[in-house]
Amino acid sequence: MKIQKLLPQALKGLAALALTSAWLTAAATEPCGDFGECKVLIEINSTDGDIGFHFLGDGDELVKMEITDPDGQKVFTDKAKGPLREQTMTETFLESAEPLCWNDPEADEDEDIVTLEDFVDLWTPGLYVFSGLGAEGEMAFGSTMLTFVLPPAPAEVEFELEEEDEGEYEGEISWSFGDDLGNCTPAGAYPDGVELAGPGDIKLWEVVVEPDYDDEEEPGLAAMYNSLTHVVRIPGGAAEFEVEIPDDYLGNFPANTPLKVEVGAITWDDNATFTEIGDLCVTPDGCEDDD
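Let me begin by describing the structure that accompanies this report. Just so you know, these numbers come straight off a predicted model, no measurement behind them. (Residues numbered from 1 in each chain as written. Predicted model: local features only at pLDDT ≥ 70, side-chain atom pairs only at ≥ 80, totals over all residues. Heavy atoms only, no water.)

## As for the overall build of the protein
- When helices and strands are counted, the protein shows six helices and 15 strands.
- Sorting the 291 residues of the protein into buried and exposed places 45% on the buried side.
- Accessible surface computed for the protein: about 15,500 Å², of which carbon and sulfur atoms make up 46%. (Helix = DSSP H or I, 4+ residues; strand = E, 2+ residues; numbered from the N terminus. Buried < 20%, exposed > 50% of the residue type's maximum accessible area, 1.4 Å probe, protein only. Areas by Shrake-Rupley, 256 points an atom, 1.4 Å probe, with all protein chains shown as cover.)

See below:
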């Protein structure tokens with residue numbers, strides 16, 4: 001039987017479950033009904049000022065997967081063909097385009113602008129249903145919630161280097177709880193339905209350190225190092241908002257390696273807001289200009 005024929009009945013059942021059970025909150029990430037994991041979320045880069053819709057679905061031996069929003073509209077369909085159908089699919093992760101949410105004066109004139117209000121008008125909060133078709137015709141269903149509870153952008157993000165031994169440096173990244181969405185903060189009031197998360201809404205903090213060579217000016221170094229990221233996650237209720245980056249990581253790069261740091265606040269609903277700082281270096285005196 002095709003997924004489309006089963007969806008209306010499944011939607012009704014899952015909607016009723018959402019109203020009567022705490023299962024839905026627990027299932028926001030995993031487990032997710034017949035899926036091992038599923039989630040839909042909003043991600044904001046408060047520094048660049050962009051916003052996007054992300055999702056992840058992880059099933060077993062699927063040949064087709066669909067996502068339906070609370071209005072019953074399909075927002076994604078994925079179908080395996082040829083050798084992929086023979087081997088089947090498991091995890092599917094996708095990010096939407098992430099247009100600017102503000103009028104960046106340095107952006108191109110034809111750059112797309114999707115303000116927070118525009119974004120809220122486009123996406124419907126509520127129950128998103130994941131449906132899958134297995135290789136033997138079996139059906140899989142799961143659901144998760146999209147909310148407009150958005151974490152404030154981490155504030156006062158700082159990166160400091162301290163010499164442990166001669167020529168060996170340990171980095172420390174610190175931040176504080178923010179009170180807005182950075183460059184995605186609306187000029188007036190927040191749109192109806194949007195709520196800034198409080199401290200108790202933060203599930204975890206994610207800190208990402210990565211080399212930041214220019215892809216055009218230094219393509220060889222960029223290809224060699226830029227993918228070597230260091231990711232640390234700590235609980236949202238941590239006593240101190242700081243993490244250490246050991247020399248075991250920093251010491252693997254040439255002395256003049258430029259770095260950038262991102263700190264993200266992630267809610268229990270999986271929505272995430274990141275703050276980014278750049279023009280950093282693996283050595284405390286900064287990166288010297290080769291010229």
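## As for the sheet that holds strand 9 (residues 168–176)
- In spatial order, the strands read 8-9-13; together these three strands make up an open sheet with antiparallel pairing. Two strands lie at the open edges of the sheet, namely strand 8 (155–165) and strand 13 (242–245), each paired on one side alone. Taken over all neighbouring pairs, the strand axes of this sheet differ in orientation by 20 degrees on average, direction set aside. (Pairing = 2+ DSSP bridges. Axes fitted to C-alpha atoms, helices over the stretch in contact; angles between N-to-C directions.)

## What to know about the packing of aromatic side chains
- Following the criterion strictly, the structure yields 13 aromatic pairs and no others.
- An angle of 55 degrees between the planes, with centres 4.7 Å apart, marks the rings of Phe55 and Phe76 as tilted. Separated by 21 residues along the polypeptide, Phe55 in strand 2 (residues 50–68) and Phe76 in strand 3 (residues 74–79) bring together distant segments of the chain.
- The exposure class assigned to Phe55 is buried, which follows from its relative accessible area of 3%.
- Judged by its relative accessible area of 16%, Phe76 falls in the buried class.
- Here Phe119 and Trp123 contribute two aromatic rings whose centre-to-centre distance is 6.4 Å and whose plane-to-plane angle is 40 degrees, an arrangement assigned as tilted.
- Aromatic ring contacts, followed pair by pair, group Phe53, Phe55, Phe76, Phe119, Trp123 and Tyr128 into a single cluster. (Phe/Tyr/Trp six-rings, centres within 6.5 Å; stacked < 30°, edge-to-face > 60°.)

## Side note on the environment of Ala187
- Topologically, Ala187 is positioned in the loop between strand 9 and strand 10 (195–196).
- Overall, the relative accessible area of 91% leaves Ala187 in the exposed class.
- Once the C-alpha coordinates of Ala187 and Trp102 are considered, the two residues, 85 residues apart in sequence, prove to be 9.5 Å apart.

## With respect to unusual backbone geometry
- With a phi close to 80 degrees, Asp270 is a non-glycine residue in the positive phi region.
- Note that Asp270 resides in the loop between strand 14 (258–267) and strand 15 (272–281).
- A relative accessible area of 5% places Asp270 in the buried class.
- Positive phi, close to 55 degrees, is recorded for Asp279, a residue that is not glycine.
- Topologically, Asp279 is positioned in strand 15.
- Take Asp279: its relative accessible area is 82%, and that puts it in the exposed class.

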